[in-house]
Every structure is written in C-alpha cells, then in structure tokens.
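These are the residues of each chain, in order.
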Amino acid sequence: MTEVGPGAAASASLWERDEEVAAVLRAVDTLCADRSSSGSLLLFEGEAGLGKTALLAETRHLAERRGCTVWSARSGETLRSVPFNVVRQLLQPALLSLMPEEAREYLGDWYDIAGPALGIAEPGDRHADPQGVCDGLVAAVRRLAKREWPLVLLIDDAHWADQETLRWLAAFAERLDDLSVLVVVTRRPGDVGGDSGRHLAAVGAAAGISTLNALTPQATAGLTRATLGPHADAAFCREVWAVTAGNPYETVELLAKCQDSEIEPVEARAGELRALNRSARGGGLVARLEDLGIDATRFAWAAAILGTGITVDLVARLATMGRDEAARCAELLCGARILTRPAPAGARGGDGDLEFVHPLIASAVYHSIPDALCTAMHGIAAQVVTDCGLGAAAASRHLLQVHPDDDEELVEQLRLAAREHLAVGAPDAARRCLERALLEPPTPEVHARVLYELGCATLLTAPARTIEHLQRALSMPGLDGDTRVDAVWRLSQALLHNDQLEEAVRTVEAEAARHEPGPTRLRLQAVQFMWEGIHAGESSSPDRSERLARLAAGCTGRDNPERALLILRGFDAMTHGESAEEVVELCDRALVNGRLAPGLGWTDPEWGIELLLMLASAYAYCDRLDRADALYNEALRAYETAGWSGGHLALAHAYVGLGHRRRGRLKEAEASLRESLRFAERVGRGLPLYWTATCNLVDTLIARGHVEEAWEIAERYGFAPPYPTTIVIPDPRSVRGRLLLAVGRTKDGINELEAAEKAAAVRGHHNPVMVPWAVDLALALATEDPARAGRLAADVRRQAERFGTDTAIGEALRCAAALETGQRAVRLAARAVAYLEASPCQYEHAAARVEHGILARSTAELERGLALARSCGADGLAARARQVLESASGLR
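What comes next is a walk through the structure. Residues take numbers from 1 onward in each chain, read along the sequence in its written order. The predicted nature of this model means local features are confined to residues of pLDDT at least 70 and side-chain atom pairs, given and counted, to a pLDDT of 80 or more, with totals for whole chains, interfaces and linings taken over all residues. To get the side-chain values, take all heavy atoms of the structure and skip hydrogens and water.

1. With respect to the overall build of the protein chain
Okay, step 1: By the criteria applied, helices consist of DSSP H or I runs no shorter than four residues and strands consist of E runs no shorter than two, each listed in order from the N terminus. A count of helices and strands for the protein chain gives 44 helices and seven strands.
Okay, step 2: Between two residues, a contact is recorded if the distance between any of their heavy atoms is within 4.5 Å. Excluding contacts between residues fewer than 6 apart, the proportion of contacts in the protein chain whose partners are at least 24 apart in sequence is 68%.
Okay, step 3: Surface accessibility follows the Shrake-Rupley procedure with a 1.4 Å probe radius. Residue values consider only the protein chains on display as shielding. Just so you have it, the protein chain exposes about 35600 Å², and 50% of that area is on carbon and sulfur atoms.
Okay, step 4: His is not counted, nor are the chain ends; Lys and Arg add positive charge and Asp and Glu add negative charge. Taken as the charge location is NZ of Lys, CZ of Arg, CG of Asp or CD of Glu. Each charge class in the protein chain was averaged separately, 96 positive and 123 negative side chains, and the resulting centres sit 5 Å apart.

Following this line, the structure appears as structure tokens:
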C-alpha cells in the first residue's frame, strides 16, 4: 500500500496504486535512458473517481523529477464536438512559445498542413485532407520530441476526447517504435461509438490496458486515518468504505467534508457519513453549490457551459455580472473545491484562469443547469465567443445546442463554421454544423446550397450520405450554373466510390442533356466517358469508343473539357491496342507546352485524379515512360506538399511503383508499392486504389522471382475474385493467372487467364502489354494444346504490331520463340532482344537476353542478361542465368 501522510489529499488517490506507479517509473526510466529509445504508451482504465487524474498528477511529478518535459491535456464531456481540442491543449503552448519563424522551422513542410489544426497558422483556401493533417500532427510531435527530449504527454479522460484527437492518437501509437516519447492516457470503461470508438480501441490495443480497482477496506481505513488521525476507529473506517464503495475520489471528498464538519472519526458518528457523502456528489454537490449563493451558482454554470478557456472576464460576460462580483464568485468556488486555478506546471493550452477540480464536478454542474436555461446560455456563449474574435468554428459547439428558430443569421454562422472546420481538416465537425443548419431550417433560397455544402463535407467520409444530400440539393431550386455542375460532378464521384458506377454515368448523362452545346456540356460528356472508361463491366465498348472518337475528333485542346476528351480518347485507344503513335499524339495535344494545363493539375478539384492517371498510363504503355514518370512523380510531390495522405497519396505511390515496374526498377517498384499499400490500409480495403497497389506489388514480386512472397501478399490482402467494378492497371485477372501458374496451380492459372480473355473481349481491351493474359496462356498451353497456343501467340503478334511499340513487339516475339524450336526459335529470340533493347522496359530486355542466351548457347549473351537482371533486382532471372552459366556445357 502506498504510504501517504495525514492530510496528503493530493496523493490520497494513489493508495493501492503501487503496480501502476511502478509501471510509470519503468517507462520514465526507459525514456530517460537514451535519446534513441523507443517510445511507450500506458493506458489506465477505471470508473469515475478511481484515481485516474491523480495517477496522471503523480506521473507528472515523477517525470519532472527526472528532468522530463511534460505536456498535458484533459478531455471534457461537453467538448467532444470541438475538433483538435485535446491535441491543441498538448502542443499549442509549446508552439506558441516559439517565434513564428522558429515554429515554421521545427514543423517544416508540415507547418501549413498541421499548423491550422493546432491554431498557430491560418488555414488555406482548400479543404484540408484529414489524413494529411493527422500525419502532420504526428510529424509535429516527432520534431518537437527531439527538441524537448525527454518528453511525456498526459491525456486525461480520453473517452471524451474529440474524434480528430483520437485519430491522431491512434496513428501516433502506431509509430512509437521510432518516437522517443512517453504517452500516458486514462479513460473510463464502456463503449465509445463510431470512428472515435475504433480509434480508442486501436490505442488500447497498442498500449495494453491497466484496469484500476476500487480501494480495499484496509486501504480505505489507512486513508481515513492518514486524513483524520490515527485514532479513527475500525467501525468508522468500515463505514467510510461501505458508503463510498472504495471509490478514491468519493473517499477523499467525504473525508474532507468530515474535516470541514469537525466530525470525530468514532463509531458513534459513523451514521452521519451517508448523508454527508450525498452532499459531496451528485445532487448533494448541486445543493452545496446553491448554498454558496445564486451569483456563485450562475458563475459555476457559465464556467461549465464554456468548458474550456475559462476566464473570469468571459464568465462575467456570459453570466451577466460585473468583473468584481465575478472575481468574488471565483474565489468562493475555489474555496469550496469546485473550481481551482491550474498550477503553472500543469497549465494546459486554452484552459484560461480556472478549471474544475475534477471532471466529475464539471459534469455534475453542467447537468444541473435547467434545460431551457442551458440552451439559452449556449446561445449567449456563442455570441460572447464570436465577439471575442475566436471565430465561427469556436462558437459552433454552442450553436449546435440552440433550438431551431428560423434564424437566417444562425444558418450563415453555421455555414461559416463548417468552412472553417473543413479548412483545418475536420469534416465531421463541418457535417455536424451543416446538419444543424438544416434543422433551423434555411430559407428556400439557400436550402439547396446548404445541402450541397453538406454533400461536399461528407464526400471523403460518407459517400452514401453525400449521395442523399446532393440528390436532394439537385432536386430543389437554388443550384445554378457552375455550382450545379460541380454538384453533379461530386455526386457522380460519390456514386463511383459507393460502387454505383452505372448510376454515376446516368446522372452525368442526364445533366449533360439539359445543356446546350458548349464547354459545360462538353465537360459533362467528358465525365460520362471517363466513368464509362473505368467501368470494368461495361459491355457497349465498341459503340462508346466510336462516340468518343467522333467527339474528340473536333477537339483542338483549346480548353480543359476538350483536353479531357483528348486524354480519354488517347487512353481508350491505348487500351484497345490502337496505334501507339496516335495515342501519344492525342495525349500531347491535351498538354500546354508539355505540361498540365491550369485547372487540370493533380490537386485541382474540377476533374479529379482518375483523368490524369489515364493520361500518365497511356504514356506508360506506349513506351513514353519519361513522360509517364514525370506525371507520376509530379502527382506524388503535389499530394505530399498539399498534405493529402489518403487515397490520393496511396494511388500516387502505386503509380510511381508502376512506372518503376515498367522500367524494370523492381526494387524501387516494390518499395513504392509497399508504401502505397500502407496508405491504402488506412483508407480501407476493397477500394479500387487498394487493388491497384496489391496487383502491382504481386506483379513486381513475380518479376523479381519472389513467388512465395507474392502468394503471401495475395492471400493477406485478398487478391482474388470477385474483382472490383472499376478497371485496374495492369489487368488483375492476368496477374493472378500468372501467379497461379508460378506457384504450380496450372489448371487454376489457365482458368483464370481464360476468364481474363473473356473479360478483355467484353471490354475490347486488346493491348497485349496492359492485359497480358494471352502470352501467359499460350505458354501454359504449349504442351497440352500446342495448336491453340500457336494461335494465341500469332494473335498477340498481330496486336503488338498494330500497337507498334518496341515492348509489345518484343514481348510477342519472346512468346513466339518460346513455342518454337531450333534455329527458328533462336532467330525469333534474337529479334525479341533487338526490339526490347530499344524499349525502356529493362526487365523484359533482361529476360529476352537470358532466353536468347539459353537458346543460342551463348555465354556472352547470358552474361549480358545476368548483368541486366541484377541491375533490375530480378533475383529469380539472375539465378536462372547464373545456373545455366555454371552448369551447362558447350556454351560458346
């Protein structure tokens, strides 16, 4: 039992907390031992009053005694709707203590991304990506930890933390292996719903949970005697335990009341404890508050309404009392242990001059406010916060509590608050504001616009809700011109993300029909063709391609709708295996001086990422890898600079990996694709971007000769039917068929490749490089059905010559050589080498060299192939060449 001296109320709740204190000491010692030590996370869970807050206070004491920097934050029941509230309390004081240029230097590229969320920088014009902001906050702590080492972060009552903080905390917990920081978190047990619950569960899984128990009768007796004196008799001590059920907070409060009431700790006075305990909590606490007078009660209510940033001046304005009277009430409430002045060492950012002694007291005071008065005070608080220049977002949590009353001004305030929330990366907070604005309700003139803004706010987090909001907005008057077109575009995006691609196509097509010929109609037609073009299940490909070709034929690239149609036509022609030179000419016409046109960049919202990936991929499969790589890397830089760490960055890494794979830089491809998968995991499995990363990684590992690892990746990430409704590059059926053949499941592999053949025929995809099923199927059938294998190889060669790239023709010749014997095989292999040597695809070139060397029994050719394979990172191919060189005889 932890020893505590009489009257040591500050540490009284540490009785029977030896194990927990020891765990804290071990963690602090580990942190302080070495700057390079791994970080750690402790999570203490317990019901209200079991000493979580006292344990954090002891952690602060122990850490500061060892020379640690300690930052702390406390969640609040009424503050859960305030985004970044807790993480701001943690980090803002340290950042504000720096000069602006110092803060920018420490945060580096993350300053403009995380700074607005932390309240130290003005937000930009665009919506911030929530995942990017989360990553920025992790980076902020990483950099501050190096400056402030050894650093300890304390978070009290995490079950009440805002969702944005919990998202950061969960991400932070994943990275503690390379962060020398100690994080100590407390929470109550019980379910926390939605995303907050998921994030909090992730924190618990990373930490392991230490559960705090109530005090035993023996500990309660020791605490009673330490507080009231050693003469407290056993019967009195047992009654203290029975009345409080061993709850440390209630025990401390009850014993303090005994001291105030001068109750002797003897059995004869034990009967008074129950009534005294009732006055120390719940309704009794409220009665105690009322005993201090109506002014003190009003002051306490106003403080509870504010929740954070409690100052005498703010409370005075909210409670409509003079400054002197407010100061007097503050002293009364501090004397009654309801409010306290935070110690300088424990002061938290934004906490102001005062805070409640305990979260239980804050909740009890807040819930004691009559409902009608509580609503009215929130309305006044919103005005007070606004008048103080704290912004619409700060006032919005109060506006959310006000009853609907046809207030046009309130609707506008909530719309402004939503924009501020979106600008710092808090879309859920924006959603709450706009949903509340709809309840007011808005006037008919702005109703549709509020629905449109709500749809935009939920696009990244809830596509199904976005669909509902935007469909309602489009059915109402009030959306005109560019705003209406943008609403249709966003609705089609949401339908696509919700796996309703056919509905997305119909939506855009119907809107296009409403417009006269011109740029707007052309833009909508381009969007329609774009969604049709990425739909893996579309069966009307020939007619669609003809319509697209006719529409693009008249385009010169004078504006972005025309440029979009040229890109779409180029991509469509590439997938169909039309002339690569014509594909490149179409794509080049979509550029302005060789670059993306203004308004058509990677972060421009008007067109989306899909169109530009089509452009880059058309170049990649036409052997213009220099142009493809430039676009892929431009995308990566753009998203990293903008702080877009979600699906956009996952796709950027995937396509950078695809570029490396096409060039034959297999090690670099694998690294990029694994990074893509890491980001994709955070967005969610099953999405098209997830398939892109997995498919390319499996393909790359097969090329490297790491077949077992490729199979493990496929199994772990579900790379198997059913396939997504959007196309994936390269074709996943072809890649999976190749994988099945590589692991020895020949029959399954053939079946998969035949399924790829049928799917490609439906889509009209005849590019033998992008959809490479035919080559693998021909090789798989060479023994059991050589006639069919020969026909397939001949078809591949015809398609490759039609497409006209060195890679396509070289690969077709490799296939043909593998099906021949004797000198004909040697000649075909030599021609394959000649074509692939001129191609930018070095892995295929290396494979052709090795195969030609084996067929021609040429040492020089095998050695050249071996050197190329090694430079590509193609371990399996290099091993094959080396084995032939070492074991075969008769080589020239």
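2. Observations regarding the packing of helix H14 (residues 294–306) against helix H16 (residues 323–335)
Okay, step 1: For helices, the fitted line uses only the C-alpha atoms of the stretch in contact; every axis is such a line through C-alpha atoms, and the angle between N-to-C directions lies from 0 to 180 degrees. One way to put it is that H14 packs onto H16 with a least axis distance of 9 Å and a crossing angle of 85°. Overall, the two elements H14 and H16 adopt an arrangement that is roughly perpendicular. Contacts between H14 and H16 involve Asp295, Ala296, Phe299 and Ala300 on the former and, on the latter, Glu325, Ala326, Arg328, Cys329, Ala330, Leu332 and Leu333.
Okay, step 2: Per-class residue counts for the contact of H14 with H16 are eight nonpolar, no polar and three charged. Angle categories are assigned with fixed cut-offs, so that under 35 degrees is roughly parallel, over 145 is roughly antiparallel, 65 to 115 is roughly perpendicular, and the rest are oblique. Three classes are used: nonpolar for Ala, Val, Leu, Ile, Met, Phe, Trp, Tyr, Cys and Pro, charged for Asp, Glu, Lys and Arg, and polar for all others, with Gly counted as polar.

3. Here's the deal with the pattern of salt bridges
Okay, step 1: The salt bridge definition used is simple: a Lys or Arg side-chain nitrogen within 4 Å of an Asp or Glu carboxyl oxygen. If you walk through the whole model with that rule in mind, you get 59 salt bridges.
Okay, step 2: With a shortest N-O distance of 3.4 Å, aspartate 428 and arginine 431 are connected by a salt bridge. Highlighted residues: aspartate 428 and arginine 431, both in helix H21 (residues 427–439), separated by three residues, approximately one helical turn. An identical accessibility class is assigned to aspartate 428 and arginine 431; each is buried.
Okay, step 3: The partner of arginine 569 in a salt bridge is glutamate 578, and the shortest N-O contact between them spans 2.9 Å. To sort residues, take the accessible area from a 1.4 Å probe on protein chains only and compare it with the maximum for the residue type: under 20% means buried, over 50% means exposed, and anything in between is partly exposed.

4. Regarding the sheet that holds strand S5 (residues 209–211)
Okay, step 1: Taken together, five strands build an open sheet; the order of strands is S2-S3-S4-S1-S5 and the sheet is parallel. Bordering the open sheet on either side are strand S2 (69–74) and S5, each of which pairs with just one other strand. The mean angle between the axes of side-by-side strands here comes to 20°, regardless of whether they run parallel or antiparallel.
Okay, step 2: DSSP calls a pair of strands paired once it identifies at least 2 bridges connecting them. Bridge count for strand S1 (residues 40–45) against strand S4 (residues 181–187) is six bridges, and the pairing is parallel. Along S4, the bridge assignment pairs leucine 43 with valine 185.

5. Points about empty space enclosed by the protein
Okay, step 1: Grid points spaced at 1 Å and placed over the protein atoms alone form the basis of the search, with a cavity being a set where a 1.4 Å probe fits but cannot get out and a pocket an open set showing protein on both sides within 12 Å along at least five of seven lines. Lining residues have an atom within 4 Å of a point. Grid points are joined across faces, edges and corners, and a volume is the space filled by probe spheres set on the points. Scanning the entire structure with this criterion turns up two cavities of 30 Å³ or more.
Okay, step 2: Lining the largest cavity we find 21 residues, and of these Arg74, Ser75, Gly76, Gly307 and Ala362 sit closest to its centre.
Okay, step 3: Listing elements by their share of the lining of the largest cavity, those giving two or more residues are strand S7 (355–356) and helix H17 (359–367).
Okay, step 4: The element contributing the most residues to the lining of the largest cavity is H17, with four residues.
Okay, step 5: In terms of residue class, the lining of the largest cavity is built from nine nonpolar, seven polar and five charged.

6. Examining unusual backbone geometry
Okay, step 1: A cis amide bond, omega 0°, links proline 721 with the succeeding residue proline 722.
Okay, step 2: Relative to the helices and strands, proline 722 is located in the loop between helix H35 (707–716) and helix H36 (732–742).
Okay, step 3: A positive phi angle, close to 65°, is found at aspartate 623, a residue other than glycine.
Okay, step 4: Structurally, the position occupied by aspartate 623 is in the loop between helix H30 (609–621) and helix H31 (625–642).
Okay, step 5: The class of aspartate 623 is buried, set by a relative accessible area of 14%.
Okay, step 6: The phi dihedral of arginine 857 is positive, around 55°, even though this residue is not glycine.
Okay, step 7: Along the polypeptide, arginine 857 turns up in the loop between helix H42 (842–856) and helix H43 (859–872).
Okay, step 8: Given a relative accessible area of 35%, arginine 857 falls into the partly exposed group.

7. Thoughts on the nonpolar core
Okay, step 1: Core analysis: the largest hydrophobic core is formed by 156 residues, its most contacted members being Trp531, Met574, Trp602, Val698 and Trp773.
Okay, step 2: At 11 residues, the largest contribution of residues to this core is made by H30.
Okay, step 3: Look past the residues within four positions of tryptophan 531 in its chain and what remains in contact with it is Trp489, Ser492, Gln493, Leu496, Leu501, Ala504, Val505, Val508 and Glu610.
Okay, step 4: As used in this record, nonpolar core signifies buried Ala, Val, Leu, Ile, Met, Phe, Trp, Tyr and Cys residues forming a set joined through side-chain atoms within 4.5 Å. In terms of nonpolar packing, the next biggest core, distinct from the first, is built from 52 residues, Val86, Ala161, Leu176 and Ala426 among them.

8. Section: the packing of aromatic side chains
Okay, step 1: We call Phe, Tyr and Trp rings a pair once their centres come within 6.5 Å, taking the six-membered ring for Trp, and we label the pair stacked below 30 degrees between planes, edge-to-face above 60, and tilted otherwise. The tally for this structure, following the rule as stated, stands at eight aromatic pairs.
Okay, step 2: Summarising the aromatic geometry, the rings of tyrosine 639 and tryptophan 644 are spaced 5.5 Å apart at their centres and angled 15° between planes, so their arrangement reads as stacked.
Okay, step 3: Exposure remark for tyrosine 639: the relative accessible area of 0% places this residue in the buried category.
Okay, step 4: The structure contains a cluster of three or more aromatic residues connected by ring pairs, namely Trp602, Tyr639 and Trp644.
Okay, step 5: Only when the NZ of Lys or the CZ of Arg is both within 6 Å of the ring centre and within 35 degrees of the ring normal is a charge said to sit over the ring. Between the NZ or CZ atom of arginine 678 and the centre of the ring of phenylalanine 679, over which it lies, the distance is 4.6 Å.

9. Focus on the pairing of strand S3 (residues 151–156)
Okay, step 1: With six of six residues buried, S3 lies mostly within the body of the structure.
Okay, step 2: Looking at chain direction, S2 and S3 are connected through six bridges and run parallel. What sits directly across from threonine 69, in S3, is leucine 151.
Okay, step 3: Summarising the sheet, S3 and S4 pair through five bridges and their orientation is parallel.

10. Some thoughts on a negative patch on the surface
Okay, step 1: Patch membership requires over 30% relative accessible area and the absence of a salt bridge. Like charges are linked within 9 Å, and nonpolar side chains (Val, Leu, Ile, Met, Phe, Trp, Tyr) within 5 Å. There is a patch of like negative charges on the surface, built from Asp405, Asp406, Asp407, Glu408, Glu409 and Glu445.
Okay, step 2: With respect to the helices and strands, the residue glutamate 409 is situated in helix H20 (residues 408–423).

11. Quick look at the environment of alanine 245
Okay, step 1: Residue placement: alanine 245 occurs in the loop between helix H10 (234–244) and helix H11 (248–261).
Okay, step 2: On a C-alpha basis, the gap between alanine 245 and alanine 214 in space is 7.2 Å, while along the polypeptide they are 31 residues apart.

12. Describing the packing of H31 against helix H32 (residues 647–663)
Okay, step 1: Orientation of H31 relative to H32, taken along the N-to-C sense of each, is 155°, at an axis distance of 9 Å. Accordingly, the angle class assigned to the pair H31 and H32 is roughly antiparallel. Of the two possible hands of crossing, H31 and H32 adopt the one that is left-handed. Listed contacts from H32 to Leu625, Asp626, Asp629, Tyr632, Asn633, Ala635, Leu636, Tyr639 and Glu640 of H31 are His648, Leu649, Ala652, His653, Tyr655, Val656, Leu658, Gly659, Arg662 and Arg663.
Okay, step 2: For the contact of H31 with H32, the residue count by class is 10 nonpolar, four polar and five charged. Note on convention: near helix rotated counterclockwise from far helix by under a right angle means a left-handed crossing. Clockwise means right-handed.

13. Considering the side chain of arginine 175
Okay, step 1: Turning to its location among the elements, arginine 175 is positioned in the loop between helix H7 (163–174) and S4.
Okay, step 2: Beyond its immediate sequence surroundings of up to four residues, arginine 175 is in contact with Asp135, Val138, Arg142, Arg678 and Arg682.

14. A short note on helix H26 (residues 519–533)
Okay, step 1: With 15 residues, H26 extends 20 Å between its outermost C-alpha atoms, agreeing within 8% with the 21 Å of an ideal straight helix rising 1.5 Å per residue.
Okay, step 2: Burial runs high along H26: 12 of the 15 residues are buried.
Okay, step 3: Every buried residue of H26 is listed here: Leu522, Arg523, Leu524, Gln525, Ala526, Val527, Gln528, Phe529, Met530, Trp531, Glu532 and Gly533. Here a helix's expected span is defined as the number of its residues, less one, multiplied by 1.5 Å.

15. Comments concerning the environment of arginine 431
Okay, step 1: Residue classification places arginine 431 among the buried positions, given a relative accessible area of 15%.
Okay, step 2: In sequence terms arginine 431 and alanine 457 are 26 residues apart; their C-alpha atoms lie 6.0 Å from each other.
Okay, step 3: When near neighbours in sequence (up to four residues on either side) are disregarded, arginine 431 contacts Leu454, Ala457, Thr458 and Arg465.

16. Structural notes on the side chain of arginine 187
Okay, step 1: Residue position: arginine 187 is located in strand S4.
Okay, step 2: For arginine 187, a relative accessible area of 9% corresponds to the buried category.
Okay, step 3: Excluding residues that lie within four positions of it along the chain, arginine 187 makes contacts with Leu43, Phe44, Glu45, Gly46, Lys52, Ala158, His159, Val192 and Leu200.

17. Digging into the environment of glutamate 453
Okay, step 1: One can find glutamate 453 in helix H22 (residues 444–458).
Okay, step 2: Along the chain, glutamate 453 and threonine 227 lie 226 residues apart, while their C-alpha atoms are 59 Å from each other.
Okay, step 3: Not counting residues within four places of it along the chain, the set of residues in contact with glutamate 453 comprises Arg415, Arg419 and Leu434.
Okay, step 4: Contacts described as polar in this section are N or O atom pairs within 3.5 Å, which, within protein, must combine one atom able to donate a hydrogen with one able to accept it, while residues neighboring in sequence count only if both atoms come from side chains. For glutamate 453, the side chain forms a polar contact with the side chain of arginine 415, separated by 2.4 Å.

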